[in-house]
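# A closer look at the structure
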Amino acid sequence: MAKIGPKFQCTNCKALHAKWSGRCDGCGEWNTVKEVGSDTGLANASSGGKLIELAGLKYGSGPPERSLLGIGEFDRVLGGGLVPAGTILVGGDPGIGKSTLLLQAAAAFAADGGTAVYISGEESRSQIGLRADRLGLSGAPVLLGTDTNISNILTTLDRQHPAVVVIDSIQTMWSEHVAGTPGSVAQVRAAAFELVRHAKQRGAAVFLVGHVTKEGQIAGPRVVEHMVDTVLYFEGDRGHHFRILRAVKNRYGPTNEVGVFEMTGKGLLGVENPSALFLSEREKPTPGSVVFAGIEGTRTLLVEIQALVAQSAFASPRRTVVGSDSSRMSMIIAVLESRCNLSFAGQDVYLNTGGGIRVTEPAADLAVAGALMSGLLNRSFPPSAVAFGEISLSGAIRSVAQTENRLREAAKLGFSKAMVPGGSKNLPVEGIDAKGLDDLPDLVNMFLDDTHQQSTG
Ligand code: TYD
Ligand code: MG
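Residues numbered from 1 in each chain as written. Chains lettered and ligands numbered in written order. Predicted model: local features only at pLDDT ≥ 70, side-chain atom pairs only at ≥ 80, totals over all residues. Heavy atoms only, no water.

A separate point is the side chain of D365. On the secondary structure map, D365 appears in helix 9 (residues 365-377). Residue classification places D365 among the buried residues on the basis of a relative accessible area of 2%. (Helix = DSSP H or I, 4+ residues; strand = E, 2+ residues; numbered from the N terminus. Buried < 20%, exposed > 50% of the residue type's maximum accessible area, 1.4 Å probe, protein only.)

On to the nonpolar core, then. Among the nonpolar cores identified, the biggest contains 63 residues, and F344, L372, M419, L440 and L443 are the most heavily contacted of them. No other element matches the eight residues that helix 9 contributes to this core. The two domains that each donate at least three residues to this core are domain 2 (72-272) and domain 3 (277-456). The residues contacting L372, other than those within four sequence positions of it, are A307, V309, M329, I332, I333, L336, F344, V349 and L351. Core analysis: the second largest hydrophobic core is formed by 34 residues, V77, I96, A132 and V209 among them. (Core = buried A, V, L, I, M, F, W, Y, C linked by side-chain atoms within 4.5 Å. Domains from an automatic or database assignment. Contact = heavy atoms within 4.5 Å.)

This part is about the domain arrangement of the protein chain. When the domains of the protein chain are assigned, the result is domain 1 (1-40), domain 2 (72-272) and domain 3 (277-456). Computed from C-alpha coordinates alone, the two centres of domain 1 and domain 3 are separated by 73 Å.

Okay, the environment of S312 next. Examined against the element boundaries, S312 turns out to sit in the loop between strand 14 (299-311) and strand 15 (319-322). The sequence separation of S312 and V196 amounts to 116 residues, and the corresponding C-alpha distance is 53 Å. Setting aside anything within four residues of it in sequence, one finds S312 in contact with P317, G346, Q347 and D348.

Quick look at the pattern of salt bridges now. Evaluation of the coordinates by the stated rule reveals 17 salt bridges. Residue K412 pairs with E409 through a salt bridge whose shortest N-O separation is 3.4 Å. With K412 and E409 both in helix 10 (residues 403-412), this residue pair falls three residues apart, about one helical turn. When its relative accessible area of 62% is taken as the criterion, K412 is described as exposed. Within this structure, E73, R76, E257 and R299 form a network of salt bridges that share partners. (Salt bridge = Lys/Arg side-chain N within 4 Å of Asp/Glu carboxyl O.)

Remark: helix 8 (residues 326-340) packs on helix 9, axes separated minimally by 10 Å, with the N-to-C direction vectors making an angle of 60 degrees. Judged by the inter-axis angle, helix 8 sits oblique to helix 9. Crossing angle aside, the handedness with which helix 8 passes helix 9 is right-handed. On helix 9, the residues that touch R328, M329, M331, I332, I333 and L336 of helix 8 are D365, V368, A369 and L372. Residues that form the contact of helix 8 with helix 9 fall into these classes: eight nonpolar, no polar and two charged. (Axes fitted to C-alpha atoms, helices over the stretch in contact; angles between N-to-C directions. Parallel < 35°, antiparallel > 145°, perpendicular 65-115°, else oblique. Left-handed = near helix turned anticlockwise from the far one by under 90°. Nonpolar A, V, L, I, M, F, W, Y, C, P; charged D, E, K, R; others polar.)

Turning our attention to the packing of aromatic side chains. Going through the model one piece at a time under the given rule, you end up with three aromatic pairs. Ring centres of F74 and F207 lie 5.7 Å apart, and the angle between their planes is 65 degrees; on these two criteria the pair is classed as edge-to-face. Of this pair, F74 sits in helix 1 (residues 72-77) while F207 sits in strand 8 (residues 205-211), placing them 133 residues apart in sequence. Between F381 and F447 the ring centres are 4.5 Å apart and the planes differ by 40 degrees, which places this aromatic pair in the tilted class. (Phe/Tyr/Trp six-rings, centres within 6.5 Å; stacked < 30°, edge-to-face > 60°.)

So, about the pairing of strand 14. Bridge analysis of strand 13 (residues 289-296) against strand 14 gives eight bridges, and the strand direction is antiparallel. Across the sheet, V291 pairs through a bridge with E304, a residue of strand 14. Counting the residues between successive antiparallel strands, the hairpin from strand 13 to strand 14 contains two residues, one of them, G297, with a positive phi of roughly 60 degrees. Here strand 14 pairs with strand 16 (residues 347-353) via seven bridges, running antiparallel. Bridged to L308 within strand 16 is Y350. (Pairing = 2+ DSSP bridges.)

A separate point is the confidence of the model for the protein chain. Confidence in the prediction of the protein chain, expressed as mean pLDDT, is 88, and 92% of residues score 70 or more. Per-residue pLDDT, averaged within each element of the protein chain, yields its smallest value for helix 7 (residues 274-279) (79) and its largest for strand 18 (residues 390-391) (97). (pLDDT = per-residue confidence, 0-100.)

This next bit is on the sheet that holds strand 2 (residues 16-17). The strand order 2-1-3 describes an open sheet built from three strands, whose pairing is antiparallel. The open sheet has two edge strands with one neighbour each: strand 2 and strand 3 (33-35). Summarising the sheet, strand 1 (residues 8-10) and strand 3 pair through three bridges and their orientation is antiparallel. Note on strand 3: the bridge partner recorded for F8 is E35.

Okay, the pairing of strand 20 (residues 417-421) next. For strand 20, a buried count of four out of five residues is recorded, marking the element as mostly surrounded by other parts of the structure. With three bridges joining them, strand 17 (residues 385-387) and strand 20 adopt parallel strand pairing. Directly across from V386, in strand 20, lies its bridge partner A418. Of the pairings in the sheet, the one linking strand 20 to strand 21 (residues 433-437) comprises five bridges and is parallel in character. Residue pairing for strand 21: K417 is matched across the bridge by D433.

With respect to spatial proximity, 16 residues lie near ligand 1, and among them G95, K98, S99, T100 and R131 are the closest. A distance of 2.6 Å separates an oxygen atom of ligand 1 from a polar atom in the side chain of T100. One of the side-chain nitrogen or oxygen atoms of R134 is found 3.2 Å away from a nitrogen atom of ligand 1. Alone, ligand 1 offers 560 Å² of accessible surface; in the complex the protein occludes 76% of this. Sorting the residues of the shell around ligand 1 by element identifies helix 2 (98-111), helix 3 (125-134) and strand 11 (258-264) as the ones contributing at least two each. In terms of residue count, helix 2 provides more of the shell around ligand 1 than any other element does, three residues in total. (Near = heavy atom within 4 Å. Polar contact = N/O pair within 3.5 Å; in protein donor to acceptor, adjacent residues only side chain to side chain. Areas by Shrake-Rupley, 256 points an atom, 1.4 Å probe, with all protein chains shown as cover.)

Dropping the structure here:
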């Protein structure tokens, strides 16, 4: 058992003792050794602290007052604008467009009369000036600083009193009170701590930019995620021009809300109708292609799921997934093999999502299964169909939330058919012929019937 420290103390000389005795060894007094924590007023954890004011749960009135950044997609992801004293971590791969997005946000806020300070530890004034020029923002009243020393930055912020602060990036900041190079866990934690404290004391909304490592974590410590109020990820495929801003944690709003942007020659533009854009790259009906009617936050997003199944030249076939979860695909392949008599043995399988969008919903299972099956059998689904539904290990197709919204969006974009879970509620939806499927063998039978009719009729 672990040894427990002294539990007795002399009321006269405060000497600590492991056990009780009649006379204190320290000062020689009699009957002064008392048990610590008994009602003697002696040293224990409760001595020396100040009283905390305790109150009821009701605090102030109504939700926090928000101010808008002025970029619609961004404000929506934040839950309806900025909360004073809120801290927001914006994570993403290098080069994805974080600096561009935050410079645009700072400029939009400043153009509306707010004070915005942008501190860069990564780029020089002239580099940022060039970017601002390119974005057509060189006239925006953003206060720009380049430094990496936290004390200098805090002193400057205390003087300026901005409502919005951007720190680009947290990995370049360092505090002289902590050992370690910038970017080390201790430095990132200390810098973030100081900046969060500044936000709380001064009521500024503070954005921290964080680079993401290959493993997909905000580089350095995950601890920054716990310190801030909101964590946003800026993601997308660098080969494509779509970018998604996704809330993964938000103390002041819904999580999983997304904003969709397009990277153009003049910076990031909000996309009002993302489904139309994602599908605009779609070609003629091809084997292995199924459109998934998905939900991201409060938005419906139609995304094309593409699968390619090809004879493998390798001893162990390749399984490559871009834009969704590879273990999920392996599971779906296993279910197709064991419940539907299909075999992917000796086949390379590639799965991709249109537009480089990452799909995380389990509701995409049915579309993934459809794409894999269609790729394997080399026959295409009708291009007018969408699919959604979650697949269980037994092969059952489970219903998912927001059936109606998904189908409405599909109808709006000109789709007329849907493959949906058999147990779906809120059917039918106007303009869509929805076919309820109870399990994966249902999907296979329907597919074989349809494609048989196509080839004979
Ligand atoms: P950047 O904001 O520097 O990325 P991060 O801060 O996440 O590292 O974005 C860099 C990329 O964005 C770069 O490859 C060029 C591209 N870009 C455009 O396509 N259009 C633009 O108007 C700007 C400013 C950048
Ligand atoms: Mg940058």
